[in-house]
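Spelled out from the first residue to the last, the chains are:
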Amino acid sequence: MRAAPTCAPLSPLRPSWRCSLRVRARTRPRPSPHPRLRPSRPSGATSIHVPEKLESIETGQLDQNGKPQRIACVTCHTLRTPEKLPESPGELVRFHQGLVFKHGTLRCASCHVVGRQDSLRLADGSMIPNRDAMLLCGQCHGPQLRDYQHGAHGGMNGYWDLGKGSRVRNHCVDCHDPHVPRFLPTNPVLRPADRLLPPPIEKPALPPFPKLGEAHP
Amino acid sequence: MSEPEGGKRRVFLKVLGGTLGASAFAYAMAPLRAWTKDLSAEKFLQKHYKELGKEEIQKVIARVERETLEKYGAKVKVKDQKPIEGVEFGYALNLSVCIGCRKCAEACHVENNHDRKTNNSYIRVLEMDQGSFDMARGDAQYDHAVPAPGKYYLPIQCQQCDNAPCVKVCPVQATWKEPDGIVVVDYDWCIGCRYCEAACPYHARRFNWTKPEVPAAAVNPDQGILSNRIRPQGVVEKCTFCLHRTREGRLPACLEACPTGARVFGNLLDPKSEIRWVLENKRIYVLKEELGTKPRFFYFFDV
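One numbering rule holds for all chains: residues counted from 1, following each sequence as written. Following the order in which they are written, the chains are lettered starting with A and the ligands numbered starting with 1. Only residues with pLDDT of at least 70 are given local features in this predicted model, and only at 80 or more are side-chain atom pairs given and counted; all residues enter the totals for whole chains, interfaces and linings. To obtain the side-chain values, all non-hydrogen atoms of the structure were included, while hydrogens and water were left out.

Explain unusual backbone geometry here, please?
The phi torsion of most residues other than glycine is negative, and most of the peptide bonds are trans. Following V146(B), the chain continues to P147(B) via a peptide bond in cis, the omega torsion being -5°. Here a strand is any run of E in DSSP of at least two residues, a helix any run of H or I of at least four, and the numbering for each starts at the N terminus. Tracing the sequence through the fold places P147(B) in the loop between β3 (124-129) and β4 (151-156). With a phi angle near 55°, H96(A) is a residue other than glycine that sits in the positive phi range. With respect to the helices, strands and loops of the structure, H96(A) is situated in the loop between α2 (73-77) and α3 (108-111). One non-glycine residue, F241(B), adopts positive backbone phi at about 50°. Within the secondary structure layout, F241(B) lies in the loop between β9 (236-237) and α8 (243-246).

What's the story with the side chain of H153(A) in this structure? I'm lost.
Following the sequence through the fold, H153(A) ends up in the loop between α5 (142-149) and β7 (156-158). Think of it in three bands: residues with accessible area under 20% of the maximum for their type are buried, residues over 50% are exposed, and the middle band is partly exposed, with areas taken using a 1.4 Å probe on protein chains only. According to the relative accessible area criterion, H153(A) is buried, its value standing at 17%. Other than its neighbours up to four places away in sequence, H153(A) contacts Q144(A), D147(A), Y148(A), R169(A), H176(A), V97(B) and G261(B). Contacts: residue pairs with any heavy atoms within 4.5 Å of one another.

Mind showing me how you'd approach the pattern of salt bridges here?
Should their charged atoms come close, side chains of opposite charge can pair. We count a salt bridge whenever a side-chain nitrogen from Lys or Arg sits within 4 Å of a carboxyl oxygen from Asp or Glu. According to the stated counting rule, one finds 31 salt bridges over all chains in the structure shown. Between D118(A) and R116(A) there is a salt bridge; the shortest N-O distance is 3.4 Å. On the basis of relative accessibility, which here comes to 38%, the residue R116(A) falls in the partly exposed class. As a salt-bridge pair, R276(B) and E280(B) come within 2.8 Å of each other at their nearest N and O atoms. On the criterion of helical spacing, the pair formed by R276(B) and E280(B) is a turn pair, its members being 4 residues apart in helix α10 (residues 274-281). One salt-bridge network, in which partners are shared between bridges, spans R63(B), E67(B), K71(B), D188(B) and R229(B).

Got a minute to help me understand the packing of aromatic side chains in this structure?
Aromatic rings in a pair are described by how distant their centres are and how their planes are angled relative to each other. Between rings of Phe, Tyr and Trp, where Trp is taken as its six-membered ring, a pair exists when centres lie within 6.5 Å; planes separated by under 30 degrees are stacked, by over 60 edge-to-face, and by other angles tilted. Scanning the model with the defined rule gives 15 aromatic pairs over all chains in all. With centroids separated by 5.3 Å and ring planes inclined at 75°, the aromatic side chains of Y91(B) and F265(B) adopt a geometry described as edge-to-face. Of this pair, Y91(B) sits in strand β2 (residues 89-94) while F265(B) sits in strand β10 (residues 263-267), and the two are 174 residues apart along the sequence. Residues F297(B) and Y299(B) carry aromatic rings whose centres are separated by 5.2 Å and whose planes lie at 50° to one another, so their mutual orientation is tilted. Taking relative accessible area as the criterion, F297(B) reaches 0% and is therefore assigned buried. On the accessibility criterion, Y299(B) (0% relative accessible area) is buried. The structure contains a cluster of three or more aromatic residues connected by ring pairs, namely W160(A), F89(B), Y91(B), F241(B), F265(B), F297(B) and Y299(B). Here, over-ring charges are defined by two tests on the NZ atom of lysine or the CZ atom of arginine: distance to the ring centre within 6 Å, and angle to the ring normal within 35 degrees. One residue, R169(A), lies across the ring of Y148(A), its end atom 4.0 Å from the ring centre.

As structure tokens, this is what we get:
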């Protein structure tokens, strides 16, 4: 099954309506930044956030607005066509040092293609733009992709009622680094300081339920 | 749902006063509403929320907005969001992905104008031993990197029970279940006796021991009269599934804040909703099912 160029539904993420979107997108110079999923009702739409890191990296410099400056993958990668992909992060000596890789026994070539750093490779050899990396993840993580599509994995923001407004979904790569996908431990916020702690001094006691005819002072 | 009886609350108060005598009454009520400094006569005489007509509700809203400005220096917009026809809310939480970061509790804290000093929140996250469902052994005070090995995390908020013990014990019917499944409190009617708090098997209700302190700039101005308006001292408060948001079609604040995507919210009556998919396709647990409370809050695991 050839997925990307034809319109065969590769996964539920790409039913035929999305193919038509892809076909239209290809006639334009750049696909729209937020590919739309079909809304359940017409007025609201579901879009998937596309993390910047899929298409560019931070240079470590700030731009004139003080925001981290980013540079597109293609800026460098159109200038160079290496002979083969590395086998491990250790082979990256001229750039991208410090890359950590801990994702099962996958090889770099499971996802990357030599000379095409704006694209990722599906198992059948077809290419998808980096922004659609979810299709790649979904190939090996079917249950999570299915749950995601039913709103039961990956979270969302906006409206539960698409009749009233739109919502934005996270991308798999927003939460899982493709090279080290394990969700990172974190420190909890807002430790409760309420009544489970020793009570404040001025705290009055719970009054007894009044029994009728009792307790005349 | 039973009829609100305006008279009942007065009778209850009178019974208290009549049998205990004035000073005992004052004593018994001291920690309650009479003890609060911010109880105006206007508020005391206000009718039960369910008896209020449209215009009267507008008056109550105007009063709450005015008082918030006077006491907190914050200009807020209070609305009376009504249940939506054909909508009954349900909430599910994936315990396999929750990592116990308490971001949900924090979002609730901010969204619902909780007292800043106590870090109050309608959500309490319990750190639990894997394999145990015993809430009593959960730790809410944990303070280390999460997730910790051998533990899982159980966030608990109001379960919006269909058979709600808290509603049943309220002597003045200041709390009831709405048609969309949300259990609400009339914060102007509650006398602060705290029986509901004691009756709730999920410890989901909170009592305002002190006047909630929220700096003016931190007050969330987007408020609902039955939800996140700043509650007065001496009343019991609870999670309303953010009805001021959800009755307008938006997702609850705790769901949006969850960095793990563990929370699923939606309309139980819509067969195509995410919540229905979860209920139909995952193994669902409810807390303390044996009590027969019939929660609208569900827990699930990825298997």
